[in-house]
Structures are given as C-alpha cells and as structure tokens.
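Structure at a glance
Chain residues, written in single-letter form:
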There are 2 protein chains.
Amino acid sequence: MKKYQEMSQEELRAEYNAVYAQYQKYCAQGLSLDMSRGKPSAAQLELSMPMLDVLHGQHDMRAEGGVDVRNYGQLDGIPEVKRIFSELLDVAPENIMVGANSSLNLMFDCVCWAESLGIIGCTPWAKLDKVKFLCPVPGYDRHFAITELFGIEMIPIQMGSNGPDMEEVRRYVENDPAVKGIWCVPKYSNPTGITYSDDTVRAFAALKPAAKDFRIYWDNAYCVHHLTDTPDVLLNIFDACREYKSEDMVYEFTSTSKISFSGAGIAVIAASDANMADLKKKRTIQTIGPNKVVQLMHARYFHDAAGIAAHMEKHRALLAPKFEAVLSALDAELAPLGIASYSRPNGGYFISFDTLSGCASRVGELCKKAGVVLTTVGATFPYGKDPQDTNIRIAPSFPPIEELRAAVAVFCTSVRLASLEKLMAA
Amino acid sequence: MKKYQEMSQEELRAEYNAVYAQYQKYCAQGLSLDMSRGKPSAAQLELSMPMLDVLHGQHDMRAEGGVDVRNYGQLDGIPEVKRIFSELLDVAPENIMVGANSSLNLMFDCVCWAESLGIIGCTPWAKLDKVKFLCPVPGYDRHFAITELFGIEMIPIQMGSNGPDMEEVRRYVENDPAVKGIWCVPKYSNPTGITYSDDTVRAFAALKPAAKDFRIYWDNAYCVHHLTDTPDVLLNIFDACREYKSEDMVYEFTSTSKISFSGAGIAVIAASDANMADLKKKRTIQTIGPNKVVQLMHARYFHDAAGIAAHMEKHRALLAPKFEAVLSALDAELAPLGIASYSRPNGGYFISFDTLSGCASRVGELCKKAGVVLTTVGATFPYGKDPQDTNIRIAPSFPPIEELRAAVAVFCTSVRLASLEKLMAA
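One structure accompanies this document, and this report is about it. (Residues numbered from 1 in each chain as written. Chains lettered and ligands numbered in written order. Predicted model: local features only at pLDDT ≥ 70, side-chain atom pairs only at ≥ 80, totals over all residues. Heavy atoms only, no water.)

We now examine the environment of B:Phe350. All names here are of chain B. Relative to the helices and strands, phenylalanine 350 is located in the loop between strand S10 (340-342) and strand S11 (351-355). Distance in space between the C-alpha atoms of phenylalanine 350 and isoleucine 182 is 21 Å, their sequence separation being 168 residues. For phenylalanine 350, the residues in contact, after removing those within four places along its chain, are Gly38, Asn190, Pro191, Tyr222, Phe323, Ser343, Pro345, Arg393, Ile394, Ala395 and Pro396. (Helix = DSSP H or I, 4+ residues; strand = E, 2+ residues; numbered from the N terminus. Contact = heavy atoms within 4.5 Å.)

With that settled, the discussion passes to unusual backbone geometry. Across residues other than glycine, the phi torsion is negative in most instances, and most of the peptide bonds are trans. In the segment running from A:Val137 into A:Pro138, the intervening peptide bond is cis, with an omega of -5 degrees. Considering the arrangement of structural elements, one finds A:Pro138 in the loop between strand S3 (132-137) and helix H5 (141-149). Of note, the bond from B:Asn190 into B:Pro191 is cis; its omega dihedral lies within 30 degrees of zero at 5 degrees. Structurally, the position occupied by B:Pro191 is in the loop between strand S6 (179-184) and helix H7 (198-205). Positive phi, normally seen in glycine, also occurs at B:Lys245, with a value near 50 degrees.

Attention shifts here to the relation of the copies chain A and chain B. If you rotate chain A by 180 degrees and push it 0.0 Å along the axis, it lands on chain B with an RMSD of 0.0 Å. Taken together, the rotation and translation describe the operation of a two-fold axis. Mapped onto chain B, 100% of the interface residues of chain A are again interface residues, and the two copies thus contact each other with one and the same surface. (Least-squares fit on C-alpha atoms with pLDDT ≥ 70 in both.)

On to the packing of aromatic side chains. Per the counting criterion, the structure on display carries 37 aromatic pairs over all chains. Judged by centre distance (6.3 Å) and plane angle (80 degrees), the rings of A:Phe108 and B:Trp113 are edge-to-face. A residue pair is termed interchain when its members come from two chains, as with A:Phe108 in helix H4 (residues 103-116) and B:Trp113 in helix H4 (residues 103-116). The pair formed by A:Phe108 and B:Trp113 is uniform in burial state, with each residue classed as buried. Stacked on the ring of A:Phe398, the Lys or Arg A:Lys39 has its end atom at 4.8 Å from the ring centre. Against the face of B:Tyr251 rests B:Arg215, its NZ or CZ located 5.8 Å from the ring centre. (Phe/Tyr/Trp six-rings, centres within 6.5 Å; stacked < 30°, edge-to-face > 60°. Buried < 20%, exposed > 50% of the residue type's maximum accessible area, 1.4 Å probe, protein only. Lys NZ or Arg CZ within 6 Å of the ring centre and 35° of its normal.)

Structure below.
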C-alpha cells in the first residue's frame, strides 16, 4: 500500500472512490456498535458471580476485629479489605480509607471538600478568585468534568511516552499558587496506555509546590490490569515522596470496578497520616460508614492480592484478544497508509488513536453515521476541545469480539475517508 | 411515693442515703451497658439475612428496563427500587434519586454542594459572610454536626408536641436571607418521638423564604418505623406544598438503614423536578452510578411497600418490648417523684427524657461511672450545648432486653441521685 501523503490527487480520488463505496456498504448494514466507554463486558462480569454466593447461608457476619458488617460504623473499612488494598498499593493499612463503589466519587469529594472546607486549614477554594488544575492530555474525561463543574481552570500538559511533561508541570506547580492539583492516571494511563517512568514519579515527588494545598490526584485505576506477560511496573509514589518528605502532596485512588463489578465494587483512597486525619475529619461527618457487607463479600472471595492477581488473569484472557483484534486491524488497514498513530498498551482499558491533524471529529461523525459509537471526540481534552482534533479513545472491552471486529472495520474505513477528504482539500 | 420537690431536707437526706447505697451496689457490679446510639440489635439484623440469599446462583442480573446491575450506570437507581420508595414516600419515581447506603451522606452532599456550587444558580454559601440553619431542639446530633463542620450558625427552635415552633420558624425564614435551611425529622422525631401535625406541615409549605436557596431538609428516616397498632400519620409535605407552589423548598430523605441493614441499606433523596435536575447535574459528575447489586437485592427481597410493611412488623415485635421495658421502669421508678418527663413514642428509635433543670450532665456522669453509656448529654442540641441541661436521648434498640433492664435501673437511680443532689443544694 502507498502512503496517502505520497499519492497524487488522481490517486487520492481513485482511493476515495473505493473507500467511499466500502463506507456506503457499511452504512447500508444498519449497524449499532459501541466502542465508547471503558465498560467491562458481560463475560467479564460473569467472572465475579461466585462473589455473590460467598455470603449465602452465612451467619458469620463479623469482620476481623469483631465488627458486625451489617450494622453502622467502621468508617475507614474492615481490616481484611484494607489489607488487600494495602498489598495492591503497597501502602500501610492505616493510610487507606475504604469508600463506596466509586473512586470517582472519592476524587469528587476531595475536590468538593477542598472547595467548601479547605485542605488542612487552607482557605476553601470557593473563596479564592482563581483555582487551576494541570491536566495531562490526552486524559480522562471524567476527571476533567469534575474540575470543570467547580469552575477550576484547566491547563493542558502534554503527555509523552514517560508521562506528563515534567518541566511544564514543575514550572506551573512551583510558581503559581493558584495551581492546586494535577490529574494523573499513572499506570496504563487513560487513554494513552503508558505507565509513568521512575524518573517521572521521582520528579512528582520532588515538586516544591507554591500552594500548600496543592495535591497530586493519583488515580491508580489500572494498578493490576495487565494485558501481557511483561506488565509495566510503576514506582510507588509514596516511596518516592519519602525521600523528599512530600507524602502530604499525594491522594492516591483505586477501586475494584474493573476487578469485580464495575457498578458494585469497592473504592479506596490512600494518603499520608496528615491527609488521612484531615479526610477523616470530613468523612466522619458525611457518613456513619460505608457498605461493609459488600466489603466482606470481596474479602471472602478474593482473600488477598494473590487472589486478585489470579482473577485478573481471567480478565486478561477475555480482554487481550480484543485489544489484539483492534491492533491487528489498525496495523493491517491503517499503519501502511501513514495516516494514524496509536498506542499498544501493556494494560488498562484503552487504545489512544491519533488521526492526521484536524480529522478526529470527522472520523467520529462518519462512524456515527455508520452506526458505530466512539468516545466523544475531544473528550480526552479539558472542555472537550482537542486543539489539534486528532485524538480518539478506543475502548475495546465492552462489545463481543465479532462486534468489535465489525466496529473496527468501520472505524478504519472512516479514518481513511476522513484522511482522504483532508488530503484532497489540501 | 412522695414527690421529691415536696420533701423536707431531712426526707431528702434519708432518700439520698438509700438511693446512694443502691447506686454503690450498681457500681460494684462492673456493668458495661450501652444505651447511646440508635443502632438496630443483632436480632433485628438477622431479620434481613435472607436478603443476602436472593441473588445466590442467580444469573439474571438485569433490572427492569434491562440494565445489568453489575455494570456502570443508572445514576438515579433501578426502576424497581425507585418504585418501592415512591410508594413509601408517596412521591413520583422520577422525583427520587437513589444513593449509596447512607441518607446522612446525601444530606451532607446537599449541604456541601450548596456551599461549593450553589443551589440552582444561587451564590455558593462558601462565598457568603454568614449562613444560618434553624435547628429544632432537641434534635439529631449528626444533623447538627454537618452544619457545624461548615461553620453554619445554628439557631435552636423549640420543639412542641406538634413539631417545631412555627411562629419562630416563619419569623426567621421570611425575614433573614442568611437562613438557608432547617433540619427536620418530621415523623417519630429524633429524639422526641412526636410526628409533625398537619398544621405544622402546612405551615412549612406556606413559608415564603427570604432566601431563594432556603431548603427544608426533611429527614423522613422513620417513615414506616411504627411501634403500635395506631401509627402516626404524617401529611405528605409535597402534597401540602403543591397548594403553595413551594415544592422547590423541600429535600426529603429516607433510607432502609433501619429496615434492612443499618450499614448496608439504600438511601434516597426525593425532590421537585427543578431540584432533581439541579442535584443530578452535580451527581452525574460525582459518580457513574450507585451500587445497583445492593439495590437489586433489596428489590427482589422486599418487592414493594407491602413487603416492607410486613418486614417492619418483625422489627416492631423486637423493638416494642424494649420501649415498654424502659417506659414501665420510668413510670414505676421516676414518674411518681416529679423529677422527670419523657416521651411515649408511637414509633422511631428514641425516648426523649428531661431531668430537672441542670441535672442531665450529672446523670450522664453517674451512669458512666456505673458502667452505662448514654448518648452524650447535650448532643441533642447544636454545639452539644443544652442550655437547660435537661435532655437525655434514650436509645433502647441495641442492647438485649435483660441488659436494657439493667441499664434502665442504673439510669433511674442516677436520675434520682442527681435530682436529690440538686434539691439538697437548693
């Protein structure tokens, strides 16, 4: 195949006619396919069904330490669940607090409490004229939605293969006291799939923020979500911080949303002693305690980090072929044409795809018209605006593999068409 | 028995010696009894154990409408659960949003969102110099803890047998734009046990607040928690509001915390169309959705309001004898002495007890020394300060009945002793 950018106008026209005919065929099929959200598939959810049975006929409803999980209390979670997350994150159990089913909810609450109550005695952000967050891009749309809701100015920071541009991060964080946070998905990043290098993590730990209440919102959502035999390894940020005595700068989050049930798992926040005391001061007024029956169910089903690792192998067996199906189609259909670049992640839930400049929205439109829903183009940038209009987040997890193959075929054709339109107009 | 206030100093001295001897005997027993919190007993929690079995071996995990409860989504709850609460509260399903396990969490979030984001376009409270809440007293300590955390000034409003003093409420709400809310437990009130009269509810509905973002925080925690064959009936506040077109003034809350499991139930907020749209704007950024597996469990176990009513009869069978045990002891030991007044509720979780003026803290001390924990005296007032030092909240639900009897005996002796101390010092 010849690269599109090397084709003459005549060749482009011929190619366009062929691709357009193919696209028309797809449109005629009345497809309805969805590659938009990082949702586990029904088959993945089935993997955890035995978890619902562990309390069947069970009359021992006491957690370690004797608390009756059905009653009120145990604000920070039952010991056996804290221990599991302690293993997963390599953080002491006393630095972990268990929430409800959603780590996003914990992140939202941290921002909302900072806005209304302030972090450890600092002025509540709602009283300040200007609050800013750094947003590595492309990134996770639901992070950006939180900061947008609170009217926090979002500053995009370019992601590279080792993580965010740390020169830029340092420049903002160390000079501007209005910069109060940065959103990070440090492992199998959403959407680029990369894992922050040790140097990047150390550069985070070494930051000397201008604002005392600057926090790194470390969303370690995919900590055990590997797709290969050679998983990425993320340096423990709290270990890195210890050297700089900067542990108070980090809020770490994770959940079992993509381990057990995405709607009915357990989420946690990990933080330094000082942050934990501050967070608990608020949390203890917010609720008498989280759902501990769900916690006990998880603890009795998974037991420990090894139990979770074994379980994640089953997820991988379902997920890896889907990633492979998408990537091999992209490799065959698009790579030789010089019109696309994309990630090849070792874990996580996404493939990050870049079109030629200015083509991403058009690809979204074409896919939609042909019955394939993508993550809203632009969503991976603050305010939904991708300045280059190139990035598309592909989420292969949810559709059955045959549907995924059909969707990717439509996608590839749409990318070719949009690229041809651009090149022909040039 | 002679009334204490009619006794001579000599009679008081003799009585004191006798009562003190009895008190010493209790102290020597090394008791450890707890009447402090409105926690269901282990026996009550056992009532809902079959709920954990309804999903056993279950592979139909779809709610009405087809959503897979294990996956993300369904922000406002599954239809069958919304329908149950719709029946319980007599509010349309579309005006109900289901949260996690804690209605307190929903109340906290409403206040926190008002502080940081504002209610329907109003200025966020955190930006205002002064925000005030009305607090009917005695009331619920955890309500007061929320407003205290946010630095909201709390104004006590006297509770009567029909509810709060509505003249006072109207005076504040209609004249002071800094008054943004009032905490209410309208049915089987915490702790007085009374239910607001129809006139009181109508007086609420008729309020013309000075502040556009004034809201009534209507914590209908005990809506189906009857203790007698002649339960109280609470007028539906939304019905009352319809006449005045004041539906936007109300946030109503309830939960299954004292129906199924206190730590692992379901909580909801009910609100007008305009409020619901405003709340969902925030909630949809806070989370992708609540735990719907827990919801499905509740729906398949309870089915409907009738199922819940039948279940509440079982709770009543366990609770009513405990209330009876406390009340008959108070009737026998204290009523004839003219040193106490207390409620005789038709439902809910508490008996509200008033000592002679200035004696409540001393009763708390005496009980503690004898091994009986009461709800912290003063907790039923804002800032933990009961100006008359009279009110004690008795929570009979948690201890087994023999322990409860022992605790009440110590309590009665402590009340006699504290009263005698006061009268002898007079």
